[in-house]
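Residue-level structure breakdown
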Amino acid sequence: MKKILFSIGQYVDLTIKVFRKPEKGPVFRKQIANEINNLGIDSLGIVAIISVFMGAVVAIQTAHNITSAWVPVTTVGFTTRESILLEFSPTIICLILAGKVGSRIASEIGTMRVTEQIDALEIMGVNSANYLILPKIVAAVIIFPLLVIISMFLGIFGGWLAAVWMHVVTTTNYYAGITMDFIPYEIFYSMVKTVVFSFLITSISGYYGYYTNGGALEVGRASTKAVVMSSILVIVFNLIITQLMLG
Amino acid sequence: MIETRHISKSFGDHLIIHDISIIFERGKTNLIIGPSGSGKTVLMKCIVGLLEVDEGQILYDDRTFTDMDFYEKKSIRQEIGMMFQGGALFDSMTVEENVMFPLTMFTTQSMEEKRERVNFCLNRVNLENVNKLYPAELSGGMKKRVAIARAISMNPHYLFCDEPNSGLDPKTSIVIDNLISEITKEYGITTIINTHDMNSVIEIGDHIAFIYKGKLWWVGNNSKILDTDNEELNNFVYATELTRRLKKQK
Ligand SMILES: Nc1ncnc2c1ncn2[C@@H]1O[C@H](COP(=O)(O)OP(=O)(O)O)[C@@H](O)[C@H]1O
Ligand SMILES: [Mg+2]
């Protein structure tokens, strides 16, 4: 328990250090562009594949569960859209990103710690926490929502592919389903979740990397801890935000 | 000049640095020597402020570093150049970007001026045509040179080198040692070097402090170190068969 409190204190301390004004504006902007590329664009492939397949699975499962003639033909499209928009795209995609981006951040910063590159920054008078972690947080908060929106489109597209392919519903019925009773607030809810998750994933992974102690082995360990902890917190905050916004 | 007054540092229950007072002079290569694990790196990190001391004071030319706030320390940091044991070059940057980094962060120089300074520093450490290479593409000796070039890019008044020749062959070691010594004299820098290499001690030991188990045991220079009767120091100096034989011959 004492250890948990200590970690939380250390994390808060670090976060305060992270949110200082960057030393040089142009350097900071260049770093953000770089991180958007590293953390976002590099994840596009995996996000696309997973989204299309999950969308397809959701559509087939929904169709499988409703064989009754009483259920309207629009249900497959409607249910697919709701699952993807509310839960699948924001939460599952962010969990995938917690694995991919979290381990990357923790091992990058952890390696810099154990090879004294962080000390080198500090000795020059650079606020290393700010310099290393803030661009990643900002980049993720910008690019993750975009990835999630792309995932929403691709998921719905995947559902359509499956529906048409397996002849569960026609394109017209699917389309009618996905456009039925659309509530823009649900998109807002998903985006709020995504932004919170982006912050959690990058700041927690940054924390584990920054306080790595020792050598290469510890870098690996820090990276595993970063993924586990950010995944757990994504799930916990998913519940909290959902309770607050939809409950 | 840098002075430490009665500084102590412990990690938990482990007392690593115990009441150390040393004066490091300007324009000289000041060595901190001692076996591995004796506390040299911790002492150096305390002096530059990467670690907080538990007790004592550190003075940079009569400015009390240990009493300073964050911003005052930061301004002193820009007078400090440091070369880390493994080089600590930024992996994601080219050699040129590494050496240019402090200039980019802390000066308003144009790209041209910065390039010129980078080339000057790289030239000073006898490196050519490496500007666009990444640290992973360099040999051990080259990495150390780039680390020196980066450390001197801001014209430091104080230069710190942690084991500058660890991992190098004896010949390259001497080259690096001489380079640091030349730069020190040329620009009148206060230089502090951690080492356990007896060759360095003899070659460039203008001023030597011997640390063992976190305590200061002996202070002197390279002309006195071979004739001391301090037992711990003798065990360190005459640790190898070669040095013992040389002693017998004398
Ligand atoms: N961050 C740290 N936490 C705990 N102990 C440390 C830390 N850094 C160094 N030590 C301990 O301090 C002692 C001196 O280490 P160091 O200064 O690196 O020796 P060296 O003279 O080889 O440079 C060692 O016993 C080391 O285990
Ligand atoms: Mg050391």
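Use the structure listed above.
Just so you know, these numbers come straight off a predicted model, no measurement behind them.

Before going further, it helps to examine the packing of aromatic side chains. Here a ring pair, both rings aromatic, is described through the centre-centre distance and the interplanar angle of the planes. All names here are of chain A. A complete count under the given rule lists 15 aromatic pairs over all chains for this structure. Ring geometry for F19 and F199: centres 6.3 Å apart, planes at 35°, overall tilted. Residue F19 is found in the loop between α1 (2-18) and α2 (25-40), and its partner F199 is found in helix α8 (residues 184-210); the two are separated by 180 residues along the sequence. By relative accessible area, F19 is classed as partly exposed at 47%. Accessibility expressed as a relative area gives 27% for F199, which makes it partly exposed. Taken together, the aromatic side chains of Y11, Y207, Y208, Y210 and Y211 make up a single cluster linked through ring pairs. The residue whose ring lies beneath R113 is Y210, and the NZ or CZ to ring-centre distance is 4.8 Å.

Counting residues at the interface gives 16 residues for chain A and 23 residues for chain B. Here chain A packs against chain B, burying approximately 1800 Å² in sum over the two surfaces, 63% of which is carbon and sulfur. On the surface where chain A and chain B come into contact, there are three salt bridges. When the shortest N-O distance is used, the salt bridge between B:K74 and A:E23 registers 3.0 Å. The tally of links from chain A across to chain B stands at seven residue pairs in polar contact (both at pLDDT 80 or more). Ranked by residues supplied to the side of chain A that touches chain B, first place goes to helix α5 (residues 117-124) of chain A with seven residues. For the side of chain A that touches chain B, a count of residues per class yields eight nonpolar, three polar and five charged.

Another point: empty space enclosed by the protein. Any empty space left between the atoms is revealed when a probe the size of a water molecule rolls over them. Scanning all chains against the criterion turns up two cavities of 30 Å³ or more. Approximately 130 Å³ is the volume attributed to the largest cavity. A:M124, B:I80, B:G81, B:P102 and B:R150 are the residues nearest the centre of the largest cavity, which is lined by 15 residues in total. Only α5 of chain A together with β6 (80-83), α3 (95-106) and α5 (140-152) of chain B provide two or more residues apiece to the lining of the largest cavity. When grouped by side-chain class, the residues that make up the lining of the largest cavity number ten nonpolar, three polar and two charged. Taken as a whole, the second largest cavity holds about 40 Å³ of empty space. Lining of the second largest cavity is provided by A:Y11, A:L14, A:T15, A:V18, A:I133, A:I137, A:S203 and A:Y207. Considering every element that reaches the lining of the second largest cavity, the biggest residue donor is α1(A), with four residues. Its residues assigned to classes, the lining of the second largest cavity shows six nonpolar, two polar and no charged.

What counts, and where the lines are drawn
Residues numbered from 1 in each chain as written. Chains lettered and ligands numbered in written order. Predicted model: local features only at pLDDT ≥ 70, side-chain atom pairs only at ≥ 80, totals over all residues. Heavy atoms only, no water. Phe/Tyr/Trp six-rings, centres within 6.5 Å; stacked < 30°, edge-to-face > 60°. Helix = DSSP H or I, 4+ residues; strand = E, 2+ residues; numbered from the N terminus. Buried < 20%, exposed > 50% of the residue type's maximum accessible area, 1.4 Å probe, protein only. Lys NZ or Arg CZ within 6 Å of the ring centre and 35° of its normal. Contact = heavy atoms within 4.5 Å. Buried area = accessible area lost by both parts, 1.4 Å probe. Salt bridge = Lys/Arg side-chain N within 4 Å of Asp/Glu carboxyl O. Polar contact = N/O pair within 3.5 Å; in protein donor to acceptor, adjacent residues only side chain to side chain. Nonpolar A, V, L, I, M, F, W, Y, C, P; charged D, E, K, R; others polar. 1 Å grid on protein atoms, 1.4 Å probe; cavity = no way out; pocket = protein on both sides within 12 Å on 5 of 7 lines; lining within 4 Å. Points joined across faces, edges and corners; volume = space filled by probe spheres on them.

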